[in-house]
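Report on the structure
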Amino acid sequence: MTPNSTQQTHQPYEAGYAESASGRVYTVTGGDWEDVLGAGEQDAERIVVNMGPQHPSTHGVLRLVLEIEGETVTETRIVIGYLHTGIEKSCEYRTWTQAVTFLTRADYLAPLYNEAAYCLSVEKLLGITDQIPERATVIRVMVMELQRIASHLVWLATGGMELGATTAMIFGFREREKVLDLLEAITGLRMNHAFIRPGGLAQDLPDGVESAIREFLADMPKRIQEYHRLLTGQPIWKARMVDVNILDAAGCIALGTTGPVLRAAGLPWDLRKTMPYCGYETYEFDVPTALEGDSFARYLVRLEEMGESLRIVEQCLARLRPGPVMVADKKIAWPAQLSIGADGMGNSLAHIRNIMGTSMEALIHHFKLVTEGFRVPAGQVYTQIESPRGELGYHVVSDGGTRPFRVHVRDPSFVNLQAVPALTEGGQVADVIVGVASVDPVLGGVDR
Amino acid sequence: MSGNTHGPGAVDENGGGELVAAGGTAGRQHDAFGAAGSGDTSGFGRLVAPVPVLASSERPFGDADADAVYDALERVFPQLGDAVERAVVDRGELTLYVRREALPALARTLRDDPGLRFELLSSLSGVDYPDDLTGRRLHSVVHLTSMTHRRRLRVEVSVGDDDPTVPSLTGVWPTADWHEREAYDLFGIVYTGHPGLTRIMMPDDWTGHPQRKDYPLGGIPVDYKGATVPPPDERRSYS
């Protein structure tokens, strides 16, 4: 028995009880209920529990407050904001190009989607959408689809771990590492790439990466089959997920839930098909759906989406033609040509030789773009793309200056997390774990 | 930030120092040396100063989706003239600037009418325009998606600092719940009828609304290799 669990306390996190307007409130840090409540405390039928930590997000940044009756959840409350870092506000104090470096850190499992959605918005404001080089757009699509696979693999890994399937975790992170190796080779960083920039890309593909991607494409279908063999027919996996946390299409739309959760409820709403961008209408791929609307259906949809992403990456490789990866307008295009030097990545010597010794124009452009940045005509746009978690929208406002006037991120995790009470209330406590996992929230995007 | 821009809107490349109201709320002044508010004397910024104008786009808008939405609204929403202050098409996106009193009825029509069917509230965000021409600095901007017709629509309501109340949309689109809590938390827009309008990002006992333009970013000077780098909002600004 905890020595002080039946003593009155005034410390907020200390075991004990405190009198409040709604009656006696117990704070429990361990032990048996009977010991805590003691004899004669039979009126305590309302139990409020801080759930977790079970999901990686619940280690400090997501708080789940459950009201339970026995094992049944009567109310789920989600408390967020613990990871709010003011990304949107910070963008208002940087140039249009610098803002990419902040926004890529919002949804850290899909940073390239943040970059792409933001850059598409800025390009629409600038009116240069149709001047973006074909090669840049193809590479954008390719890295986005590679990242979709990586993101779904993290979901498989963490979701599996929460249900005790630690092999799923090992397998998921193992393959995700291969995607991160590819993205590191392409962008220089495993995460938070700041690779997609207004006007194009930070740099072109390095030599040899295409063959590495082809190797990955050849290997990955076998891995997806492995996940199916490991999990899809497994009795425990199915017992935890089938007919659990059901949300139908009407519920999804009312709650704003998009992405795999909505498609698992039967509505084939995928912005790559329904409102195409980046030339997605010219790629051949299917939109996997399911009808059940439960956690198992969401698992199947995500697994199939990985296969479809592989198809798109393959088509991207076939389309790659030599050419520029940044818009031709020198008043917008980031001037530096990067290369790896003795002290890491920086401006290439050829570029420095050019601006310092040869071209006055190039020096002016470099200086003005790096210190001041470019101006963006006043106006506002909203761009939505299909991130691994659903509709990722950017509402970007310009006042005609060199800095964003306002950047709002409509993050799919933020909106989808609202659906967790609908998924979990009335169910078992154990199903809350499945419910949160099946939504795949990334708190970096939720809180921004 | 620049002090001479007020609302979003379209611009047009006319010359000669005249005010341009090309279908948007903002025009531009093109003048040899008239780039007021910008420190740019190099010509790199093209010596263009924005001039705010409040005007609707001319009908027909010339954009198939925008015209279809507006035509459908005119058919089924007789109070449209009173409800909508301005309708602007800019960069292919239709924005309805709506009076707040008319918002709930308009929202319901937008969601339910078969010709409109904006089933999904994609996004709701606040924007603070401290120099808004109408004096209503706080804008509550809603982005709607019609899955049936595959169209988008922006509905914007602006309110003043002194009475920052906007009717809540949670009764029409339940997903507005957290969006409105965020706009309340960060901008101080009060959504009447919201079931539990509390802070969502900032701690419950926070004072102030951090994303308003007059709320400082904060930060401290940082020493770097013998020099001192000031906090971001005190560094040199070009716009």
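Residues numbered from 1 in each chain as written. Chains lettered and ligands numbered in written order. Predicted model: local features only at pLDDT ≥ 70, side-chain atom pairs only at ≥ 80, totals over all residues. Heavy atoms only, no water.

Taking an unreviewed UniProt entry as the reference, chain B is identified by name as NADH-quinone oxidoreductase subunit C belonging to Frankia canadensis. UniProt annotates chain B under Subunit (unreviewed entry) with the comment "NDH-1 is composed of 14 different subunits. Subunits NuoB, C, D, E, F, and G constitute the peripheral sector of the complex." UniProt annotates chain B under Catalytic activity (unreviewed entry) with the comment "a quinone + NADH + 5 H(+)(in) = a quinol + NAD(+) + 4 H(+)(out)". (UniProt positions renumbered as here; feature names shortened; annotations may be inferred.)

If you check an unreviewed UniProt entry, chain A appears there as NADH-quinone oxidoreductase subunit D from Frankia canadensis. UniProt, in its Subcellular location (unreviewed entry) section for chain A, records the words "Cell membrane". UniProt, in its Catalytic activity (unreviewed entry) section for chain A, records the words "a quinone + NADH + 5 H(+)(in) = a quinol + NAD(+) + 4 H(+)(out)".

Let's shift gears to the overall build of chain B. Within chain B, the regular secondary structure consists of four helices and 11 strands. Across the 239 residues in chain B, those meeting the buried criterion constitute 52%. Within chain B, counting contacts between residues at least 6 apart in sequence, those at least 24 apart form 50% of the total. Total accessible area computed for chain B in this model is approximately 10,500 Å², and 50% of it derives from carbon and sulfur atoms. (Helix = DSSP H or I, 4+ residues; strand = E, 2+ residues; numbered from the N terminus. Buried < 20%, exposed > 50% of the residue type's maximum accessible area, 1.4 Å probe, protein only. Contact = heavy atoms within 4.5 Å. Areas by Shrake-Rupley, 256 points an atom, 1.4 Å probe, with all protein chains shown as cover.)

Moving on, we get to the packing of aromatic side chains. According to the stated counting rule, one finds 10 aromatic pairs over all chains in the structure shown. Ring centres of A:Tyr280 and A:Phe285 lie 6.2 Å apart, and the angle between their planes is 70°; this geometry places the pair in the edge-to-face category. In this pair, the class of A:Tyr280 matches that of A:Phe285, namely buried. Look at A:Phe405 and B:Tyr129: their rings are 5.3 Å apart centre to centre, the planes differ by 15°, and that puts the pair in the stacked class. Separated into two different chains, A:Phe405 in the loop between strand E11 (390–398) and strand E12 (406–410) and B:Tyr129 in the loop between strand E5 (120–128) and strand E6 (138–146) make up a pair that spans both. Over the ring of A:Tyr283 we find A:Arg319; its NZ or CZ atom is 3.8 Å from the centre of that ring. (Phe/Tyr/Trp six-rings, centres within 6.5 Å; stacked < 30°, edge-to-face > 60°. Lys NZ or Arg CZ within 6 Å of the ring centre and 35° of its normal.)

As a further point, take the interface of chain B and chain A. Often, the extent of an interface is quoted as the loss of accessible area upon association of its parts. Contacts between chain B and chain A engage 67 residues on the former and 59 residues on the latter. Among the salt bridges present, the one from A:Lys124 reaches B:Glu93, with a minimum N-O distance of 2.7 Å. Scanning the region where chain B abuts chain A turns up 22 residue pairs in polar contact (both at pLDDT 80 or more). At the level of secondary structure, the elements contributing two or more residues to the side of chain B that touches chain A comprise strand E4 (93–98), E5, E6, strand E7 (151–159) and helix H4 (176–187) of chain B. (Salt bridge = Lys/Arg side-chain N within 4 Å of Asp/Glu carboxyl O. Polar contact = N/O pair within 3.5 Å; in protein donor to acceptor, adjacent residues only side chain to side chain.)

Those residues of helix H3 (residues 103–112) of chain B lying buried are B:Leu103, B:Leu106, B:Ala107, B:Thr109 and B:Leu110. Viewed end-on, H3(B) has its buried residues packed into an arc of 165°, placing them on one side of the element. (Arc of directions from axis to C-beta.)

Glancing now at the sheet that holds strand E5 (residues 72–79) of chain A. Residues and elements named next belong to chain A. Taken together, three strands build an open sheet; the order of strands is E3-E4-E5 and the sheet is antiparallel. Of all the strands in the sheet, just strand E3 (47–51) and E5 have a single pairing partner and so form its edges. Across the sheet, the mean angle from the axis of one strand to that of its neighbour is 25°, orientation sign disregarded. In terms of strand pairing, strand E4 (residues 63–69) meets E5 through seven bridges, oriented antiparallel. Pairing of leucine 64 across the sheet is with isoleucine 78, part of E5. Contacts from helix H17 (residues 429–439) reach E3, E4 and E5 within the one sheet, and its direction differs from that of E4 by about 150°. (Pairing = 2+ DSSP bridges. Axes fitted to C-alpha atoms, helices over the stretch in contact; angles between N-to-C directions.)

It is worth spelling out a nonpolar patch on the surface at this point. Residues and elements named next belong to chain B. The grouping of Ile220, Val222, Tyr224 and Val229 at the surface amounts to a nonpolar patch, some 400 Å² of accessible area in total. With respect to the helices and strands, the residue isoleucine 220 is situated in the loop between strand E9 (190–192) and strand E10 (222–224). Overall, the relative accessible area of 65% leaves isoleucine 220 in the exposed class. (Patch = residues over 30% accessible without salt bridge, like charges linked within 9 Å, V, L, I, M, F, W, Y side chains within 5 Å.)

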